[in-house]
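Secondary and tertiary structure notes
What follows is each chain in one-letter form.
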Amino acid sequence: MAKVTLVGLVIFLTVCISIYLITLIHLTSEDRSSYDDYLDNLRGQFSHPRSHMRRISYERQAPLERKTRLRFMSKLVDGRSLSTTAAYEPIAAEPERLHISVSTVPSFTVPVSQVDESVTVVSALLDIGRGKWWYYRRPFEIYLDYLEQMLRLDVNMVLFVDKKAVDFALKCRTHLSSKTVLYETSLADVPLWNYRQQMIKVVELEQKNFRAEWDEAMRHHPEASSADYDLAVNSKSYFLYNASVQNPFHSSHFVWLDAGYGHGTREVFPKNFRWSPTFPPGKISLIKLTPTTDLLDNYPLEKLYRQDQSVVSGGFVAGDRTTVGTFHSLFEQQVFALLRDGKVDDDQTILVLIIRAYPQLFNVVHGDWFDAFRLFP
Ligand SMILES: *[C@@H]1O[C@H](CO)[C@@H](O)[C@H](O)[C@H]1NC(C)=O
C-alpha cells in the first residue's frame, strides 16, 4: 500500500515539474515583455524565480499605504539563466500616454511601455539638400534599405526623420509601435542651424583657398564640401541628448546608431533583432577603428583636419542619461571652438578631440565600423 502511495506521489511530482518546465520553455521562446509579465506575477510569491521554496516576506512588512514598491529586474542571460536584481522604486502614477508628433500621418497615441527597458536607441535621417541624405552620394533608396534593417531592432527607439522618410519609418515600425517615438524633423530644427551661415562661409573660403598641407583628395569629401553635412552629423549629440531629456521609455541608457548602421547587412545585427546591451556607468562608450597600440595622442587636430583619416566611428555612441548630457555640452563646445578658429569638420574629428581632452569620460573599445552589437551584446 505504502509503495503505491509513493509511486503515486512520484508520478504527481513528475507531472508538476514537467508542466513547470514546459511553461518555462514556452515563456523563454516568447518576447521579453511577456516574460516580464510572467515575472511580475511570480514576484509576489517567490523570493527568487529559481528557488521556489521560500515565500517572500517584503509585502507583509511594508506599511499599508506604500510609497515605494520592490521592483524585480530580470534579465535572460545567454537565453537561459535568469539574472535578477531587486530595488525599491516609487510607485508610478497611471502610465502616461505619449503623443507621436507626426503631422503628415494621422496622429495616434500609444501607451508607454510599462516595463522599464534600460536602453533607448536614437537615430536620425535628414535630408541635407539637393537629394543628398545624411551620407555622401548615396541615393535615398539605398538609404532606406539600410534604415530598414536598423528599424527591425526590437528595442525602444526615438527617431528624428525627414518628412520624406516618415511613412517608410512608421511602416517599418508598425509591429513595434509601442517601442517607437518618431519626430518629423528637418535640418532647420536642430540648434546648430543657427550657425549654418558661419559653416557655409568656412566651406566657401576653404574651397577657394585649399591649403597645401591638406589632402587634396579631401576637397570633395562631404565634410569639406557641404556645410549641411557637417551640420547634420554634428547634431548627433543633440539628438541623443534630446531623447535623454524626453526619455519617453524611462530608460537609463541611450544609444546613438547611424540610420545606415550596418549598411543593410543582416549579419551585423543580433539574432532575432533583440538587443539589451550594458554599458559602464559614467562613460560614453564608442568604437575606435585603429589598433589599440595606436594612441589618440597621435592625433592632434592637424592630423585629422582635411586628412583622410578615420580614428573612431561616429556610428555608435552610448551612455547613461547624465553622461549623455555632459557629452552633448562638450561636443557642442568643441564644434564652436573649431568654428571660432574658422574650421568645420565631421563628428569623427570632434569625437577624437573631446576624447583627447576628457579621456576619463570615455570607454573606448577597439573594433570595426559595425561591431556595436558584437562588442556590446
Ligand atoms: C526635442 O526635439 C523635439 C522635436 O524636434 C522638439 O520639439 C523638442 O523641443 C526637443 N527637446 C529638446 C529638449 O531639445
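So, a few notes on the structure that sits alongside this text. (Residues numbered from 1 in each chain as written. Predicted model: local features only at pLDDT ≥ 70, side-chain atom pairs only at ≥ 80, totals over all residues.)

Some remarks on the overall build of the chain
- Summing up its helical and strand segments, the chain has 13 helices and 13 strands in all.
- A total of 377 residues make up the chain; the buried ones form 30% of that total.
- Long-range pairs, those at least 24 residues apart, make up 72% of the contacts in the chain with a sequence separation of at least 6. (Helix = DSSP H or I, 4+ residues; strand = E, 2+ residues; numbered from the N terminus. Buried ≥ 20, exposed ≤ 12 C-beta atoms within 10 Å, placed from the backbone. Contact = placed C-beta atoms within 7 Å.)

Here's the deal with the packing of helix α9 (residues 236-246) against helix α11 (residues 321-340)
- Relative to each other, α9 and α11 sit at 150°, their axes nearing to 9 Å. The orientation of α9 relative to α11 falls into the category roughly antiparallel. Pair α9 / α11 crosses with left-handed handedness. For the pair α9 and α11, contact is made by Ser-237, Tyr-238, Leu-240, Tyr-241 and Ser-244 and by Arg-321, Val-324, Gly-325, Phe-327, His-328, Phe-331 and Glu-332, respectively.
- Looking at the contact of α9 with α11, its residues break down into 6 nonpolar, 4 polar and 2 charged. (Axes fitted to C-alpha atoms, helices over the stretch in contact; angles between N-to-C directions. Parallel < 35°, antiparallel > 145°, perpendicular 65-115°, else oblique. Left-handed = near helix turned anticlockwise from the far one by under 90°. Nonpolar A, V, L, I, M, F, W, Y, C, P; charged D, E, K, R; others polar.)

Some remarks on the site of the ligand
- By nearness alone, every residue bordering the ligand is listed as Tyr-183, Thr-185, Asp-189, Asn-242 and Val-245.
- Classifying every residue of the shell around the ligand gives 2 nonpolar, 2 polar and 1 charged. (Near = placed C-beta within 6 Å.)

Observations regarding the environment of Arg-211
- Mapped onto the elements, Arg-211 comes out in the loop between α6 (196-208) and α7 (222-225).
- For the pair Arg-211 and Arg-306, spaced 95 residues apart in sequence, the C-alpha to C-alpha distance is 9.4 Å.

Things to note about α9
- The element α9 is largely enclosed, with a buried count of 8 among its 11 residues.
- Of all the positions in α9, only Lys-236, Ser-237, Phe-239, Leu-240, Tyr-241, Asn-242, Ala-243 and Ser-244 are classed as buried.
- Once α9 ends, the next one or two residues include Asn-247, with phi positive near 35°.

Digging into the sheet that holds strand β7 (residues 119-125)
- In spatial order, the strands read β9-β8-β7-β10-β12-β11-β13; together these 7 strands make up an open sheet with mixed pairing. Only two strands of the sheet have a single neighbouring strand rather than two, namely β9 (180-184) and β13 (362-366). For this sheet the average axis-to-axis angle between neighbouring strands, irrespective of direction, equals 20°.
- When strand β10 (residues 253-257) meets strand β12 (residues 312-320), the two strands line up antiparallel, connected through 5 bridges. Within β12, the position partnered with Val-255 by the bridge is Ala-318.
- Along the sheet, α11 contacts β10, β11 (284-288) and β12; its crossing angle with β12, the most-contacted strand, is approximately 135°. (Pairing = 2+ DSSP bridges.)

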